[in-house]
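# Residue-level structure breakdown
For reference, the chains in residue letters:
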Amino acid sequence: MSSEIKELKVAEYDNTKKVMYLSKELLLNSDRLNLVGTTNSAPISTRAAETLVRLGYVTFENIQTLTDVTNDRRAIRLIITLKKTSNFDKLYKENQEERKKRQAEREATTKKDA
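As the structure is a computational prediction, the values presented were derived from the model and not from experiment.

### Quick notes on the nonpolar core
Counting residues in each nonpolar core, the largest one holds 20 residues, and the members touching the most others are Val19, Leu35, Leu52, Tyr57, Val58, Ile80 and Leu82. Every element with two or more residues in this core is listed here: β1 (2-10), α1 (16-27), β2 (30-38), α2 (42-55), β4 (73-84) and α3 (88-113). With five residues, α2 is the single largest residue contributor to this core.

Pasting the structure below:
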């Protein structure tokens with residue numbers, strides 16, 4: 001497992017499910033992840049991080065805000081550091097199996113309707 005901290009920049013047009021999926025994919029090869037949100041994407045990154053913690057994939061390691069002032073303009077960033085739990089691999093595997101089942105059901109429904 002890599003000890004380097006991966007970073008996921010959350011855009012304001014991303015949704016919570018997408019951020020959660022990308023976070024889990026990045027955590028497959030790393031123990032830690034920084035979710036980086038701007039002023040507009042902070043609610044999305046916060047919601048994704050909170051849900052991953054509640055589901056048992058990760059724990060909060062650090063939460064930090066940074067404000068950079070450039071040309072009299074503020075750029076605010078929220079950085080949430082997540083650490084993978086010991087149950088991560090088991091939970092990820094179960095979730096992937098469930099995703100495959102749902103995908104197969106959708107494909108079967110689509111073929112039946114066509």
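The rest of the description comes next.
### Details of the packing of α1 against α3
α3 packs onto α1 with a crossing angle of 130 degrees between their chain directions and a minimal axis gap of 11 Å. With respect to α3, the element α1 is oriented oblique. α1 and α3 meet at a crossing whose hand is left-handed. Judged by residue contacts, Tyr21, Lys24, Glu25 and Leu27 of α1 engage Phe88, Tyr92, Asn95 and Arg99 from α3. In terms of residue class, the contact of α1 with α3 is built from four nonpolar, one polar and three charged.

### Quick look at the environment of threonine 46
Secondary-structure assignment places threonine 46 in helix α2. The exposure class assigned to threonine 46 is partly exposed, which follows from its relative accessible area of 35%. The spatial distance from the C-alpha of threonine 46 to the C-alpha of isoleucine 79 is 9.5 Å, given a sequence separation of 33 residues.

### Description of the layout of surface pockets
In this structure, the largest pocket spans a volume of roughly 320 Å³. As for the largest pocket, its lining consists of Lys17, Met20, Tyr21, Lys24, Leu55, Tyr57, Leu91, Glu94, Asn95, Arg99 and Arg102. At the level of secondary structure, the elements contributing two or more residues to the lining of the largest pocket comprise α1 and α3. Across the lining of the largest pocket, the residue classes tally to five nonpolar, one polar and five charged.

### Digging into the packing of aromatic side chains
Tallying each qualifying case throughout the model produces two aromatic pairs. Ring centres of tyrosine 57 and phenylalanine 88 lie 5.8 Å apart, and the angle between their planes is 70 degrees; this geometry places the pair in the edge-to-face category. Taken together, the positions of tyrosine 57 in the loop between α2 and β3 (58-70) and phenylalanine 88 in helix α3 put the pair 31 residues apart, joining distant regions of the chain. Pair check on accessibility: tyrosine 57 and phenylalanine 88 agree, each one buried. Here phenylalanine 88 and tyrosine 92 contribute two aromatic rings whose centre-to-centre distance is 6.0 Å and whose plane-to-plane angle is 15 degrees, an arrangement assigned as stacked. Placement of the pair is phenylalanine 88 and tyrosine 92 together in helix α3, with a separation of four residues, close to one helical turn. Clustering of aromatic rings is evident, with ring pairs tying together Tyr57, Phe88 and Tyr92.

Basis of the calculations
Residues numbered from 1 in each chain as written. Predicted model: local features only at pLDDT ≥ 70, side-chain atom pairs only at ≥ 80, totals over all residues. Heavy atoms only, no water. Core = buried A, V, L, I, M, F, W, Y, C linked by side-chain atoms within 4.5 Å. Buried < 20%, exposed > 50% of the residue type's maximum accessible area, 1.4 Å probe, protein only. Helix = DSSP H or I, 4+ residues; strand = E, 2+ residues; numbered from the N terminus. Axes fitted to C-alpha atoms, helices over the stretch in contact; angles between N-to-C directions. Parallel < 35°, antiparallel > 145°, perpendicular 65-115°, else oblique. Left-handed = near helix turned anticlockwise from the far one by under 90°. Contact = heavy atoms within 4.5 Å. Nonpolar A, V, L, I, M, F, W, Y, C, P; charged D, E, K, R; others polar. 1 Å grid on protein atoms, 1.4 Å probe; cavity = no way out; pocket = protein on both sides within 12 Å on 5 of 7 lines; lining within 4 Å. Points joined across faces, edges and corners; volume = space filled by probe spheres on them. Phe/Tyr/Trp six-rings, centres within 6.5 Å; stacked < 30°, edge-to-face > 60°.

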